Amino acid sequence: MKLIKLDAIDSTNEFLKGLSNKQELENFTVVTAENQTKGKGQMGAVWASETSKNLIMSILVKDFLEDICQIFNLNIVVSLAVIEVLESFKIPNLSIKWPNDIMSYNKKIGGILIENSIKSDGTIISVVGLGLNVNQTNFENLPKASSLTVICNAKFDKDELLFSICDAIEKNVKLCKHNAAVLWSAYSDKLYKKGLPMPFSNQMKQNFMGIIQGVSSVGKLQVLLEDDSIAEFDIKEIQMLY
């Protein structure tokens, strides 16, 4: 695994994408930064982080996705890798808020942003960004966020987390190629608030009740509605009110 450590960068995802466009990088090349000035979340949301307190990383994944329809496999591979590592560090009550926010209890402790590019020969190259709140303690104006240190009242070694997560991603990539169903099942089991009646809001800001059932083969959230029908929603088409 090639590791590139930066002090400050606008975005580790943008840096790694730019580097991979200029030169051939080995699979699972990783970029980390102590400070990220323009961190991104899903659909253009901003990811803010205190300098040197958190794990900010991007990892290159290639020779994995063979078809655009398989893209959600990578969400599953990465989010489960993070959960697996955090469980080994005894972080309690972990779940995945669809599609790939990492939760402990009802607090968001991490977010994943996957950006895919299709080359002229049809191959898919993916850059996976992870922001994990590790030793940050100040979450003013972020009532739904927390960190490992706040939840466990202990400090954590970011490098140890980094190497463990990279190993877990690489292991899950290999596993997914041979037995994706096992990972899909594990992901479904880890879904935040699965099986519980929850309030949601749609794009028209209309509120409704629903029960998360799982995720479709292309990664849409499946929700049981009050009329006993199951609706499927894409990212940003639905928001859980919690």
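Residues numbered from 1 in each chain as written. Predicted model: local features only at pLDDT ≥ 70, side-chain atom pairs only at ≥ 80, totals over all residues. Heavy atoms only, no water.

Visitor: Mind laying out the packing of aromatic side chains, listing which residues take part and the relevant values?
Guide: One pass over the structure, following the stated rule, counts six aromatic pairs. Taking the centre distance of 5.9 Å and the plane angle of 45 degrees together, the rings of F72 and W184 count as tilted. Residue F72 is found in helix α2 (residues 71-88), and its partner W184 is found in helix α4 (residues 158-189); the two are separated by 112 residues along the sequence. With relative accessibility at 7%, the residue F72 sits in the buried group. (Phe/Tyr/Trp six-rings, centres within 6.5 Å; stacked < 30°, edge-to-face > 60°. Helix = DSSP H or I, 4+ residues; strand = E, 2+ residues; numbered from the N terminus. Buried < 20%, exposed > 50% of the residue type's maximum accessible area, 1.4 Å probe, protein only.)

Visitor: Give me the layout of surface pockets: which residues, what numbers.
Guide: A volume near 280 Å³ is recorded for the second largest pocket. Sorting the residues of the lining of the second largest pocket by element identifies α2 and β6 (107-118) as the ones contributing at least two each. (1 Å grid on protein atoms, 1.4 Å probe; cavity = no way out; pocket = protein on both sides within 12 Å on 5 of 7 lines; lining within 4 Å. Points joined across faces, edges and corners; volume = space filled by probe spheres on them.)

Visitor: Account for the sheet that holds strand β7 (residues 124-132), naming residues and giving values.
Guide: Spatially, seven strands are ordered β1-β2-β3-β7-β6-β5-β4 in an open sheet, and the strand pairing comes out mixed. Because the sheet does not close on itself, it has two edges, and the strands there are β1 (3-9) and β4 (94-97). Across the sheet, the mean angle separating the axes of adjacent strands is 20 degrees when strand polarity is ignored. Of the strand pairs in this sheet, β1 and strand β2 (residues 30-36) are connected by six bridges, and their pairing is parallel. (Pairing = 2+ DSSP bridges. Axes fitted to C-alpha atoms, helices over the stretch in contact; angles between N-to-C directions.)

Visitor: Any chance you could break down the pairing of β2 for me, citing the residues and the numbers?
Guide: Taking burial as the measure, the seven residues of β2 include six buried ones, the bulk of the element. Here β2 runs beside strand β3 (residues 55-61); their pairing, made up of three bridges, is antiparallel. The partner of V30 across the bridge, within β3, is I59.

Visitor: If you had to explain the nonpolar core to someone new, which residues and values would you point to?
Guide: L86 and L161 are the most contacted members of the largest nonpolar core, which totals 59 residues. If you tally residues by element for this core, the top one is α2, at eleven residues. Residues I4, L16, A33 and V127 belong to the second largest nonpolar core, which totals eleven residues. (Core = buried A, V, L, I, M, F, W, Y, C linked by side-chain atoms within 4.5 Å.)

Visitor: Requested: an account of the pairing of strand β5 (residues 101-104), with residues and values cited.
Guide: Burial of the side chains of β5 extends over both faces: D101 and M103 are buried on one face and I102 and S104 on the other. In the sheet, β4 pairs with β5 via four bridges, with the strands oriented antiparallel. Following the sheet pairing, K97 is matched in β5 by D101. Remark: three residues form the turn of the hairpin made by β4 and β5, two consecutive strands paired antiparallel.

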